[in-house]
Amino acid sequence: MEAVLAGAISEALTRLGVDADPSRIGLERPARADHGDWSTNAALVHAKGAVMAPRDLALRLAAELDGTGLPHLERTEVAGPGFVNFHLAPSWLHEVLGAVLRLGAGSYARHDAGAGQTVNLEFVSANPTGPLHAGGGRWGAFGDSLARLFRRCGYETHTEYYVNDRGTQMELFGRSLAARLDDRPVPDDGYHGEYVAEWATELASELSAGASSGADDLTAALEALGGSAYAASWGRDRALRDVSEALEAMNVGFDHWQSENKLVASGAMDNAIAGLRQGGWTYTEDGAEWLRTSDFGDDKDRVLYRSDGEPTYFVPDIAYHDAKFDLRRLRALQRRGAIGDTRRHDPDNETVDLVIDVLGADHHGYVPRIAAAMQMLGHPAESYEAIVGQNVTLMRDGQVIELSKRTGTMVEVRELIDAVGPDVARFAFLLQSIDSRQTIDIDLLSAQAAENPVFYVQYAHARIASVARRAESTGVEPVPPAGTDLGPLVGEREVALLRALEVLPSVVETALRERAPHKVTTWVRDLAAAFHGFYHDCPILHSDNPPEVRDARLCLTEGTRIGLAIGLDLLGVDAPEAM
RNA sequence: GCGCUUGUAGCUCAAUUGGACAGAGCAUCUGACUACGGAUCAGAAGGUUCGGGGUUCGAAUCCCUGCAAGCGCGCCA
């Protein structure tokens, strides 16, 4: 419909002798229903070139369009400073509903914008030194929903979690665990959380179970295995199990967990650094080796190898990001079953087209240097993208809870999920833009869990399922056959619901383009609201209803179910048959 | 001090990226089924879009400036 209108507008302008510039013509769905179904600013934009008052041009344009016999067009109108509004007959929405029913949840609102393109999406990547902080849930929900949007738009999509299992933090974590194990004080700059003590107890029982002959000296048993280094690696696995389980509970999964240790062991660092040196991007100063990141907009150059010869954390990060561009690496992971099914892809293309990091605001300073390094290694500037989101503030009892490694205070995602359930938690994270700081008051969220908007949406879905069950029990086909006359759907609430359903494809498209899954949340609430209104005012299975009205409404109900199912799936939230 | 992000109803947030009278949900007040699930629906009230300039047919949105908040600014990770 949009394409038909856009073409007609351009042609009409040309017939009026105006030099039409299609790129500047805006065609949009007005916010207010009484402004019609579509609206164009074409007259406003072209008035100057046509040397006419905007309204005069609008009037002539409207008259011209009225004469062309466009399908479904009831009338045009000129409004405001010179908008031309198109009022369409409900029949155009009936065609939309027909398409929704024909395509179903699998195919409606799908785009092939990303066909043949591969995207790699990294998110969460919290250090494996403890359970996942509740704030981390935001990145999980966001990243996972964004991945779902990419998939729906035809991208071959890989999701990754980078495991920083190497370096100072891991050592400290290992030493903290070891210290707890023999009741020594935890190092000052170590990990003081309650969980460290609990995990040390677990480690202790594993050690004593594993020790052959009642070795009750745990310290000796640990030393035999490698001391705090063993504790660190054991703790890493323990933490990752905890993190993945918590994310799984929120319906968040990853195709691949990349260990930094294994990456380094593979020689990836040497390869990447060789590439940088070859390109002449490095130099030595004060005994350290530097990278010319300021050539690409970074504030200053960055150290790769310290004067003592040790690589900074930056080196493995470069190697990792470089590796993420390598499709052969992803294929190899796939063969090992680390990654799920793949979609069609150009077999000659060996490069991932888009590598995305989802980061918290506290890491934004790191973006320019990694972007610089990727360009030095030959990856086009637009192929690396960092999405920087604002962090979450957690509250309890009206008090802000500061995340502190020293004192060990934290709120775990698990705790949040246990308190309110996965759907409320996930919906809450996806309720607002990633650009705005989010405050989650765990008590407030628990207390108001029953009023959470997620239930409003899920209730709409459950109601529809209930209608279907009732239809079945009275011998009525819950989904009338294709070709059912949708003509009876002309009431205000029916049209409002049809309109809400119609915009889903463009919502999906903009949500992906703007990396804004919360747009799906907003839409799904709108659709649910339109459905509840329809349901309240328009009886479906009531015996007074003529069969043709009943069947048309059943079609609309099923179409709504499809829309809700798509939206909730994109959000990773359950679409229940009953509540 | 410099940089990034943000500032919208009492609270939490939207606003088709420059469009028409800035919209929802909570909270407050008032109403609605002898019909398919009342976790619903309808209505009222609530605004100088942080302040001040500017750009144009048109600004919450873009530019300048001031204020406020969060984050970042190491041969730490």
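What you see is a predicted model, and the numbers here were worked out from it, not measured in a lab.

So, how was this worked out
- Residues numbered from 1 in each chain as written.
- Chains lettered and ligands numbered in written order.
- Predicted model: local features only at pLDDT ≥ 70, side-chain atom pairs only at ≥ 80, totals over all residues.
- Heavy atoms only, no water.
- Helix = DSSP H or I, 4+ residues; strand = E, 2+ residues; numbered from the N terminus.
- Contact = heavy atoms within 4.5 Å.
- 1 Å grid on protein atoms, 1.4 Å probe; cavity = no way out; pocket = protein on both sides within 12 Å on 5 of 7 lines; lining within 4 Å.
- Points joined across faces, edges and corners; volume = space filled by probe spheres on them.
- Nonpolar A, V, L, I, M, F, W, Y, C, P; charged D, E, K, R; others polar.
- Near = heavy atom within 4 Å.
- Polar contact = N/O pair within 3.5 Å; in protein donor to acceptor, adjacent residues only side chain to side chain.
- Core = buried A, V, L, I, M, F, W, Y, C linked by side-chain atoms within 4.5 Å.
- Buried < 20%, exposed > 50% of the residue type's maximum accessible area, 1.4 Å probe, protein only.

> Describe unusual backbone geometry, with residues and values.
A positive phi angle, near 55°, is found at Ala109, a position not held by glycine. Within the element layout of this structure, Ala109 appears in the loop between α4 (91-107) and β5 (118-122). Phi at Asp183 takes a positive value of approximately 55°, unusual for a residue other than glycine.

> Pulling in residues and values, what's your account of the environment of Arg553?
Tracing the chain through its elements places Arg553 in helix α22 (residues 547-571). Setting aside residues up to four positions removed in sequence, Arg553 forms contacts with Leu489, Glu494, Phe534, Cys538, Pro539, Ile540 and Asn545.

> Now, about the layout of surface pockets: what can you tell me, with residues and values included?
The volume enclosed by the largest pocket comes to roughly 1,600 Å³. In this structure, the largest pocket is lined by 50 residues; those nearest its centre are Ser125, Ala126, Asn127, Asn164 and His363. Top contributing element to the lining of the largest pocket by residue count: strand β11 (residues 354-360), with four residues. Its residues assigned to classes, the lining of the largest pocket comprises 20 nonpolar, 21 polar and nine charged. Its boundaries defined by the atoms lining it, the second largest pocket holds a volume of some 940 Å³. Lining the second largest pocket are 33 residues, with Arg29, Arg499, Glu502, Val503 and Ser506 sitting closest to its centre. Contributing elements (two or more residues each) for the lining of the second largest pocket: β1 (27-28), α4, α19 (492-502), α20 (504-513) and α21 (518-537). Taken together, the residues of the lining of the second largest pocket break down into 16 nonpolar, six polar and eleven charged.

> Give me the protein's contact with RNA strand B: which residues, what numbers.
Close contacts around RNA strand B come from 65 residues, with Ser433, Tyr456, Tyr459, Arg470 and Glu514 the closest. Note that a phosphate oxygen of RNA strand B is positioned 2.5 Å from one of the side-chain N or O atoms of Arg463. Taking Glu514, its side chain carries an N or O atom lying 2.2 Å from a base oxygen of RNA strand B. Elements represented by at least two residues in the surface near RNA strand B include exactly α2 (42-50), β4 (83-88), α6 (168-181), β9 (288-291), β15 (438-441), α18 (453-473) and α21. Classifying every residue of the surface near RNA strand B gives 22 nonpolar, 24 polar and 19 charged.

> Describe the nonpolar core, and please don't skip the residues or the numbers.
Formed by 115 residues in total, the largest nonpolar core has its most connected members in Leu65, Phe86 and Phe150. Excluding its chain neighbours within four sequence positions, the residues that come into contact with Leu65 are Ala8, Ile9, Ala12, Leu70, Leu73, Thr76, Val84 and Phe86. Membership of the second largest hydrophobic core comes to 32 residues, among which are Tyr162, Ala272, Ile318 and Ala371.

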